[in-house]
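# Structural characterization, general
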Amino acid sequence: MSTCARIVASVMLSLLCLAATAQSSRELSLHDTLEMAMQRHGDGTSIQDVATSAWLAGLPSVGLTYLDSQEKFGTDETELSINLPIKSFATRRADNAMQQLALELDALNEEQRKLYFSGLLRDAAWAYRLADAKRRFVQKKRNVLQQLMEQQAALVEANAASSYTLLTLQKELVDTQLQEQSLLARARQSLNRFRALTGLGEIPANLAEGDGSSVEFQPENHPHLRALSAYRSQQEQLLAADRASSGDWDLSVVGKNIETAGFEEEQIGVSVELPLAFVDMDSHSNRAQYRQIQREYAMASEQLQQQLLTEWERVRIEYENLQARQRLLDQSADLTKRIADQVETLWNSRSIAPEIALRRLLDARDARSEQQLNMLQLQYTIAMLRQAAGESL
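Fair warning: this is a prediction, and the values are worked out from it, not measured in the lab.

Another point: a nonpolar patch on the surface. Taken together, the side chains of Val62, Leu64, Leu80, Ile82, Val253, Val270, Val272 and Leu274 define a hydrophobic patch exposed on the protein surface, amounting to about 780 Å² of accessible area. Among the structural elements, Leu274 can be located in the loop between strand S4 (263-273) and helix H6 (284-348). Leu274 sits in the partly exposed class, given a relative accessible area of 47%.

Quick look at the structure:
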């Protein structure tokens, strides 16, 4: 295959991939868009791991000492030592606990990022879906008004009806067009937010997240509260590592040269300095910091839990209200349909005024639209209920 042919094939393959992506974007789930959003916006941290030692508490040091005697037959001494600060068993236990807490905090940070982006995606996707659904309903109403206005204009021109109904229809048509334009702008804004998050140009077709009756608020499972508890534990471990009983061990390897008149000696030895860990000595500062950590955690935990619970209760009450409203709207839609059927019969027999007939028919269409919009609002509230409970996509 020639170079030109390979280039053409590569371009065609790229175009086909783009077309496939655009075609399948509506077939994606919201969970798929969550993964795309998180990859698009990085991993949320730029912290690099620093190499640490399992045994050394710090950098080794070298000591050199030279003592020159001022006496004629005195002794000159030269000493070289290599000093190694060794972690105590208590420090190693604290390090292991800190390492486990660091892994736990990384996992909780990932859960919090998922919950954060889930909220953004849910809000943007459902804002678009609701605005677009309202726009489509308004558009259908505009088309009906347009047809009715044309029919009424023909009647007015034939002197078979007054111009009052025509003017009323014209005014309602303009109001409908204004509403449609506002909803179109709102839908575009929501779609732009979704595109900025995921890079996709379309909202997934299926946004439903099941039934809301099974969703429960469990504080012990919420990522925000779990992260707060893990951070408290990390602060406590930092204080534990700073206790006097966790002091480092000092190990020194010493080489010494002793030189006198007519005599020279080489000495090599080891020096070890250990803290007496069985003596429980803790500073007042350390204890005060520990109590401060406990107080701050208790206050922050109570405030955060109350905020989360308040939001959960607000969304739950809204969900129950929409459920009750849906039942009433179903009844209203059924009654409105029956009324519309009666109006059509009366209209055909010329037994009802045109203005009243048109209003009843438009009311019937509005009732059906409100019924379907409430169903969408109910699905959106289920998504927000899961968000308030700490459930990511």
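The space that makes up the second largest pocket amounts to roughly 350 Å³. Considering the residues around the second largest pocket, the lining is formed by 16 residues, among which Leu148, Glu344, Trp347, Leu358 and Leu361 are closest to the centre. A total of 6 residues in the lining of the second largest pocket trace back to one element, the largest contributor, which is helix H7 (residues 354-388). Taken together, the residues of the lining of the second largest pocket sort by class into 9 nonpolar, 2 polar and 5 charged.

The next subject is the packing of aromatic side chains. Centre distance and the angle of the planes are the two values used to describe a pair of aromatic rings. Inspection of every chain in the model, using the stated rule, returns 3 aromatic pairs. Relative to Phe117, the ring of Tyr116 has its centre 5.4 Å away and its plane inclined at 70 degrees; by these criteria the two rings are edge-to-face. Directly above the ring of Tyr297 sits Arg232, whose terminal nitrogen or CZ lies 4.1 Å from the centroid.

Turning to the pattern of salt bridges, a few remarks are in order. Following the criterion strictly, the structure yields 20 salt bridges and no others. For Glu110, the salt bridge identified is with Arg113, shortest N-O distance 3.9 Å. Of this pair, Glu110 and Arg113 are both found in helix H3 (residues 89-157), 3 residues apart, which corresponds to roughly one turn of the helix. A residue is classified by how much of its surface remains accessible, and Glu110, at 30% relative accessible area, is partly exposed. A salt bridge links Arg226 to Glu111, with the nearest nitrogen and oxygen atoms 3.0 Å apart. Of this pair, Arg226 sits in helix H5 (residues 223-241) while Glu111 is found in helix H3, placing the two residues 115 residues apart along the sequence. For Arg226, a relative accessible area of 31% puts it in the partly exposed group. For Glu111, a relative accessible area of 30% gives the class partly exposed.

The next thing to look at is the pairing of strand S3 (residues 249-260). With 11 bridges joining them, strand S2 (residues 76-86) and S3 adopt antiparallel strand pairing. Its bridge partner being in S3, Ser81 is matched across the sheet by Val254. Looking at chain direction, S3 and S4 are connected through 11 bridges and run antiparallel. In the sheet register, Ile258 faces S4, and the bridge partner there is Glu265. Here S3 folds back onto S4 in antiparallel fashion, the turn holding 2 residues, of which Gly262 has a positive phi close to 75 degrees.

The subject of this paragraph is the sheet that holds strand S1 (residues 61-67). As summarised here, the arrangement of the 4 strands in space is S1-S2-S3-S4, forming an open sheet in which the pairing is antiparallel. Because the sheet does not close on itself, it has two edges, and the strands there are S1 and S4. Between one strand axis and the next, the sheet turns by 15 degrees as a mean value, whatever way the strands run.

Looking now at a negative patch on the surface. On the surface, Glu259, Glu264, Glu265 and Glu266 cluster together into a patch of negative charge. Mapped onto the secondary structure, Glu259 falls in strand S3. Classification of Glu259 as partly exposed rests on a relative accessible area of 40%.

With that out of the way, let us pick up the confidence of the model for the chain. Summarising the model, the chain shows a mean pLDDT of 82, and 88% of its residues fall at 70 or more. Taken element by element, the predicted model of the chain shows its lowest mean pLDDT in helix H1 (residues 3-24) (42) and its highest in helix H4 (residues 163-198) (90). Within the model, pLDDT remains below 50 along residues 1-23, and this stretch shows 2 contacts once partners closer than five positions in the same chain are excluded.

Moving on to the nonpolar core. Counting 33 residues, the largest nonpolar core has Leu121, Phe194 and Trp312 as the members making the most contacts within it. Counting only elements with at least two residues in this core, the list comes to helix H2 (30-40), H3, H4, H6 and H7. Ranked by residue count, the leading element in this core is H7, at 7 residues. Residue contacts for Trp312: discarding those within four places in its chain leaves Val215, Glu216, Phe217, Leu385, Ala388 and Ala389. Leu145, Leu166, Leu169 and Leu173 belong to the second-largest nonpolar core, a separate cluster that totals 8 residues.

The rules we used
- Residues numbered from 1 in each chain as written.
- Predicted model: local features only at pLDDT ≥ 70, side-chain atom pairs only at ≥ 80, totals over all residues.
- Heavy atoms only, no water.
- Patch = residues over 30% accessible without salt bridge, like charges linked within 9 Å, V, L, I, M, F, W, Y side chains within 5 Å.
- Areas by Shrake-Rupley, 256 points an atom, 1.4 Å probe, with all protein chains shown as cover.
- Salt bridge = Lys/Arg side-chain N within 4 Å of Asp/Glu carboxyl O.
- Helix = DSSP H or I, 4+ residues; strand = E, 2+ residues; numbered from the N terminus.
- Buried < 20%, exposed > 50% of the residue type's maximum accessible area, 1.4 Å probe, protein only.
- 1 Å grid on protein atoms, 1.4 Å probe; cavity = no way out; pocket = protein on both sides within 12 Å on 5 of 7 lines; lining within 4 Å.
- Points joined across faces, edges and corners; volume = space filled by probe spheres on them.
- Nonpolar A, V, L, I, M, F, W, Y, C, P; charged D, E, K, R; others polar.
- Phe/Tyr/Trp six-rings, centres within 6.5 Å; stacked < 30°, edge-to-face > 60°.
- Lys NZ or Arg CZ within 6 Å of the ring centre and 35° of its normal.
- Pairing = 2+ DSSP bridges.
- Axes fitted to C-alpha atoms, helices over the stretch in contact; angles between N-to-C directions.
- Lys, Arg positive; Asp, Glu negative; His and termini not counted.
- Charge placed at Lys NZ, Arg CZ, Asp CG, Glu CD.
- pLDDT = per-residue confidence, 0-100.
- Contact = heavy atoms within 4.5 Å.
- Core = buried A, V, L, I, M, F, W, Y, C linked by side-chain atoms within 4.5 Å.

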